[in-house]
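Take a look at the letters that make up each chain.
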Amino acid sequence: MSKINENFKLIDKTIPTLYRDGIVKVENLFDQSLLDEIVLAKNEIFCKYPYGQKKNYEKVTNLDEANRIGYYPIKNLLELDPIFMKILNNRYINYMAEEILGKNFYFTDITMRIVPKTKSIMETHRDFSGGLSFSLLLDDISKNQGETFFIKNSYKNPPPSFVNLNKFASNILPTTGEIGDVYFWFPESWHGRNQNLSE
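Below you will find a few notes about this structure. (Residues numbered from 1 in each chain as written. Predicted model: local features only at pLDDT ≥ 70, side-chain atom pairs only at ≥ 80, totals over all residues. Heavy atoms only, no water.)

Scanning the chain from N- to C-terminus turns up seven helices and nine strands. The C-alpha radius of gyration computed for the chain amounts to 17 Å, which stays within 12% of the reference 16 Å derived for 199 residues, consistent with globular compactness. In terms of principal-axis extent, the alpha carbons of the chain reach across some 45 × 45 × 30 Å. In the chain, 80% of the contacts between residues at least 6 apart in sequence involve partners at least 24 apart. (Helix = DSSP H or I, 4+ residues; strand = E, 2+ residues; numbered from the N terminus. Rg over C-alpha atoms; globule rule 2.2 N^0.38 Å. Contact = heavy atoms within 4.5 Å.)

Another aspect to go through is the side chain of Asn76. Its location among the elements puts Asn76 in the loop between strand E2 (72-74) and helix H5 (77-80). Accessibility expressed as a relative area gives 10% for Asn76, which makes it buried. What Asn76 contacts, discounting residues up to four positions off in sequence, is Gln53 and Tyr57. (Buried < 20%, exposed > 50% of the residue type's maximum accessible area, 1.4 Å probe, protein only.)

Read from one edge to the other, the open sheet built from three strands follows the order E1-E8-E5, with strand pairing classed as antiparallel. Lying at the two open borders of the sheet, with one neighbouring strand each, are strand E1 (23-26) and strand E5 (133-136). With strand direction ignored, the average angle separating the axes of adjacent strands in the sheet is 20 degrees. (Pairing = 2+ DSSP bridges. Axes fitted to C-alpha atoms, helices over the stretch in contact; angles between N-to-C directions.)

Generally speaking, nonpolar side chains in soluble globular proteins are found buried as a group. Among the nonpolar cores identified, the biggest contains 35 residues, and Leu29, Phe30, Phe84, Met112 and Phe184 are the most heavily contacted of them. Elements supplying a minimum of two residues to this core: helix H2 (11-21), E1, helix H3 (32-48), E2, helix H6 (85-88), helix H7 (91-101) and strand E8 (182-185). Considering every element that reaches this core, the biggest residue donor is H3, with six residues. Residues contacting Phe84, with those up to four places away along its chain left out, are Ile38, Ala41, Lys42, Ile45, Leu77, Leu78, Ile110 and Met112. (Core = buried A, V, L, I, M, F, W, Y, C linked by side-chain atoms within 4.5 Å.)

In spatial order, the strands read E4-E9-E6-E7; together these four strands make up an open sheet with antiparallel pairing. Each having just a single partner strand, strand E4 (122-125) and strand E7 (172-174) make up the two edges of the open sheet. For this sheet, the mean angle separating the axes of adjacent strands, direction not counted, is 20 degrees. Where strand E6 (residues 148-151) meets E7, three bridges bridge the pair, whose relative direction is antiparallel. Within E7, the position partnered with Phe150 by the bridge is Leu173.

This part takes up H3. The end-to-end C-alpha distance of H3, which contains 17 residues, comes to 25 Å, matching closely the 24 Å that a straight helix rising 1.5 Å per residue would cover. Those residues of H3 that fall on the buried side of the exposure criterion are Leu34, Leu35, Ile38, Val39, Ala41, Lys42, Ile45 and Phe46. All buried residues of H3 fall inside an arc of 160 degrees around its axis, so they share one side. The exposed residues of H3 that point more than 90 degrees off its buried face are Gln32, Ser33, Cys47 and Lys48. (Expected span 1.5 Å × (residues − 1). Arc of directions from axis to C-beta.)

Moving on: the side chain of Asp181. Mapped onto the secondary structure, Asp181 falls in the loop between E7 and E8. Looking at Asp181, its side chain comes within polar contact range of the side chain of Lys25, at 3.4 Å. From its side chain, Asp181 meets the backbone nitrogen of Glu178 in a polar contact 2.8 Å long. If sequence neighbours within four positions are ignored, Asp181 has contacts with Lys25, Val26, Glu27, Ser135, Leu136 and Leu137. (Polar contact = N/O pair within 3.5 Å; in protein donor to acceptor, adjacent residues only side chain to side chain.)

Next up on the list: the packing of aromatic side chains. Evaluation of the coordinates by the stated rule reveals eight aromatic pairs. Seen in terms of ring centroids, Phe134 and Phe184 are 6.3 Å apart; in terms of plane orientation they differ by 45 degrees. Their pairing is tilted. Placement of the pair is Phe134 in strand E5 and Phe184 in strand E8, with a sequence separation of 50 residues. (Phe/Tyr/Trp six-rings, centres within 6.5 Å; stacked < 30°, edge-to-face > 60°.)

As structure tokens, this is what we get:
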């Protein structure tokens, strides 16, 4: 049995963990050959848009402008390369979405970003209420490489600006891992972005 098929046997553990912590990591959702294609497409896109895109999909042309944004976003992935549709067609991702959201779920967005070397962080916040988000790592990511961090079991709490965040330090989970690892998370979960101290 493939590693991908084995993941369906873990669904009974994955969903309770998601409901408990607001975030859960799942490995081996994609065949290596497909991951290689996706990573190649990612590299080619960032050769064309080294500092990402503006809101109108135009190329960010200089480093100062990119640094004001804080990261290098790519916003129209499906138009740039159809290989990224295979992410949205992944059986496990669709199964998770249907289990959490119901049969009438739909994808609202798919974007990609690189976080440049920086000592700045994105402060802890929460996104819109409702839905389910997921992040697919397209690089091997270690601590303090610009990774998103989450505070586990925070999605049921009020916005983080109303609490003392120091009390939740032991629940911080950085989204580190290897290419192909997927994190499912509730948008209401408190999260931010670490500095990138990589060489």
